[in-house]
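Examining the three-dimensional arrangement
Take a look at the letters that make up each chain.
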Amino acid sequence: MYQKPDLNTPLANLRTNAEAWKTSLARHASEERKGKGLAWDVELMEERDDLAAKIVEDFGTIDDEMSKVRIIDNSAPAAWSVDRLTDEQLAACKADWPELGMFADDTIRRMADVVGIRMVRAMAQEAVRRSPAVLSAIEARASK
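Okay, so let's go over this structure.

The rules behind these values
Residues numbered from 1 in each chain as written. Predicted model: local features only at pLDDT ≥ 70, side-chain atom pairs only at ≥ 80, totals over all residues. Heavy atoms only, no water. Patch = residues over 30% accessible without salt bridge, like charges linked within 9 Å, V, L, I, M, F, W, Y side chains within 5 Å. Areas by Shrake-Rupley, 256 points an atom, 1.4 Å probe, with all protein chains shown as cover. Salt bridge = Lys/Arg side-chain N within 4 Å of Asp/Glu carboxyl O. Lys, Arg positive; Asp, Glu negative; His and termini not counted. Charge placed at Lys NZ, Arg CZ, Asp CG, Glu CD. Helix = DSSP H or I, 4+ residues; strand = E, 2+ residues; numbered from the N terminus. Axes fitted to C-alpha atoms, helices over the stretch in contact; angles between N-to-C directions. Parallel < 35°, antiparallel > 145°, perpendicular 65-115°, else oblique. Contact = heavy atoms within 4.5 Å. Nonpolar A, V, L, I, M, F, W, Y, C, P; charged D, E, K, R; others polar. Expected span 1.5 Å × (residues − 1). Bend = angle between axes of the 7 residues up to and from the residue. Buried < 20%, exposed > 50% of the residue type's maximum accessible area, 1.4 Å probe, protein only.

1. Here's the deal with a negative patch on the surface
Judged by side-chain charge, Glu43, Glu46, Glu47, Asp49 and Asp50 come together as a negatively charged surface patch. Here Glu47 is to be found in helix α2 (residues 38-66).

2. Here's the deal with the packing of helix α3 (residues 87-96) against helix α4 (residues 105-115)
At a minimum axis separation of 12 Å, α3 and α4 run at an interaxial angle of 105°. Overall, the two elements α3 and α4 adopt an arrangement that is roughly perpendicular. The residues of α4 that touch α3, namely those facing Asp87, Leu90 and Lys94, are Asp105, Ile108 and Arg109. A class-by-class count of the residues in the contact of α3 with α4 yields two nonpolar, no polar and four charged.

3. Examining helix α5 (residues 117-143)
Note on helix geometry: an α-helix contains 3.6 residues per turn, so any two residues three or four positions apart are oriented the same way. Here α5 spans 38 Å end to end across 27 residues, near enough to the 39 Å set by a 1.5 Å rise per residue. Roughly 45° is the biggest bend found in α5, and it falls at Ser131, with proline Pro132 one to four residues downstream. Within α5 the residues assigned to the buried category are Ile117, Val120 and Ala124. Elements in contact with the buried residues of α5: α3 and α4.

Quick look at the structure:
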């Protein structure tokens, strides 16, 4: 079964590190700062430097994964995943969108798992639009 590359871990790390950055910044601007001295300021700034390095690393990880050129399995976080079609949903889609009848159910399911049923429908509509020209070309080639 198709599995998208993992972006959830670097995204979770990015959220955690960004929140820690904001917390450190808020501490630095708070009343807690008064009377702490320069050493405390420097300590907080060094802490944020470490967090900034982690944030840059998280962005790098995300960028590396999302920059890979792929045809079907482009990486995305789990929140972007597509739910599998149930038998009832597939039957309803085929009843509403007759152009899906040109594909086998198994093909529809596999493609819908990756790109979603609306994209599968768009592909079927494009195939229907182009089919007269394709059939004419096939007939012309066969008659030669």
